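# An overview of the molecular structure
Residue-level listing of the chains:
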Amino acid sequence: MSASRTRAESAAAKLELTVQTAVKLPGLPAKAELRRWIAAALAQRAAITVRYVGSAEGRRLNRAYRDRDYATNVLSFGYGGNGRRQVLAGDIVLCAPVLRREARAQGKALAAHVAHLTVHGTLHLQGHDHQSPRAAARMEALEKKILAKLGFPDPYADDA
C-alpha cells in the first residue's frame, strides 16, 4: 500500500458492496456514500449487502431475529469470515422511515444519522457489541473516531 492511500481507500478496494432498496424515500444516501462509510469502519476484506427497508419489513425482521415487535433503525446479520485473513460476509438492514424520524427528532442531518448507523452495523459485523458498559464505551469511542475522520460530528454528543 502506498503511503498516500488511506485505510478507507484500501478497505474500499477490498469491499464488495451490494445495495438493495425495498423502500424509496428521498434523500437516502447513495451507494458511493455507503461504500465510503463502510470502508472507513472495515479492518478486513468484506462482502456486505446494505438493504433499505420500510417499517413493515423492519418490524418483521426485528421480531423474527430479536424478539422485539417494532421497527428498529439498524440490524446486522453476520455470516462468518470474522478473521483477519477471511472475507467478512454480512447484511446491514437500515429502516429508512425510522432513520428519517430519528434524524428529525435529534436535529441531525439524515446523512449523518445514516452514516453513524452504517458504521455501527459494520462494527457489529466485525464482532463489536454494546452488551456491557465497557464494550459499549469501546464501541462508541470507535464510532466517534471513524465518524470524525469522515467529517461527521459525535453522534452521542446530545445523549445525556
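Above this text sits the structure in question.
Residues numbered from 1 in each chain as written. Predicted model: local features only at pLDDT ≥ 70, side-chain atom pairs only at ≥ 80, totals over all residues. Heavy atoms only, no water.

### Quick notes on the packing of helix α5 (residues 110-125) against helix α6 (residues 133-149)
This is how the line gets drawn: To obtain each axis, a line is fitted to C-alpha atoms, and for helices this fit is confined to the stretch in contact; angles are then taken between N-to-C directions over 0 to 180 degrees. Each helix corresponds to a stretch of at least 4 residues labelled H or I by DSSP, and each strand to a stretch of at least 2 residues labelled E; elements are numbered beginning at the N terminus. Working definition: roughly parallel below 35 degrees, roughly antiparallel above 145 degrees, roughly perpendicular at 65 to 115 degrees, and oblique for all remaining angles. Left-handed describes a crossing whose near helix is turned anticlockwise from the far helix through less than a right angle; right-handed describes the clockwise counterpart. Residue contacts are counted whenever heavy atoms from the two residues lie within 4.5 Å of one another.
The contact between α5 and α6 brings their axes to 10 Å, and the two run at 130°. The angle between α5 and α6 places the two elements in the oblique class. The way α5 lies across α6 gives a crossing that is right-handed. The residues of α6 that touch α5, namely those facing Ala115, His116, Val119, His120, Leu123 and His124, are Met139, Leu142, Glu143, Ile146 and Leu147.

### Notes on the packing of helix α2 (residues 31-41) against α5
Orientation of α2 relative to α5, taken along the N-to-C sense of each, is 40°, at an axis distance of 9 Å. When the axes of α2 and α5 are compared, the pair comes out oblique. Crossing of α2 against α5: the hand is right-handed. Along its contact with α2, which presents Leu34, Trp37, Ile38 and Ala41, the element α5 presents Ala111, Val114, Ala115, Thr118, Val119, Thr122 and Leu123.

### So, helix α4 (residues 96-106)
Formally: Note on exposure labels: buried denotes an accessible area under 20% of the residue type's maximum, exposed denotes more than 50%, and partly exposed covers the range between, all computed with a 1.4 Å probe on protein chains only.
Those residues of α4 not exposed but buried are Ala96, Val98, Leu99, Arg100 and Ala103. Its buried side turned inward, α4 meets β2 (46-53), β4 (88-95) and α5. Of the residues trailing α4, Gly107 is marked for its positive phi of about 65°.

### Re α6
Put simply, the rule is: The span you would expect from a helix comes to 1.5 Å times its residue count less one. In this description, the arc belongs to the directions extending from the helix axis to the C-beta atoms.
For α6, with 17 residues, the first-to-last C-alpha span of 24 Å sits near the 24 Å given by 1.5 Å per residue. Burial in α6 covers these residues: Ala135, Ala136, Met139, Glu143, Ile146 and Leu147. Projection of α6 onto a plane perpendicular to its axis shows the buried side chains occupying an angular sector of 100°, all on one side. Exposed residues on α6 whose side chains face more than 90 degrees from its buried face are Pro133, Arg134, Arg138 and Lys149. Next to the buried residues of α6 lie α2 and α5. Trailing α6 by a residue or two, Gly151 shows a phi angle of about 90°, which is positive.

### A word on the environment of Arg63
Among the structural elements, Arg63 can be located in helix α3 (residues 55-66). Among all residues touching Arg63, those that are not within four sequence positions of it are Arg68 and Asp69.

### Structural notes on the pattern of salt bridges
Using the following cut-off: A pair is scored as a salt bridge if a Lys or Arg side-chain nitrogen falls within 4 Å of a carboxyl oxygen belonging to Asp or Glu.
As enumerated under the stated definition, the model contains four salt bridges in all. Put simply, Arg51 and Glu57 hold a salt bridge, and the shortest N to O gap is 2.8 Å. Taking relative accessible area as the criterion, Glu57 reaches 18% and is therefore assigned buried. The salt bridge partner of Arg63 is Asp69, with a shortest N-O separation of 2.6 Å. Taking the relative accessible area as the measure of exposure, Arg63 reaches 38% and is therefore partly exposed. Where salt bridges share partners, they join Arg59, Arg63 and Asp69 into one cluster.

Just distances and angles here, no functional claims.
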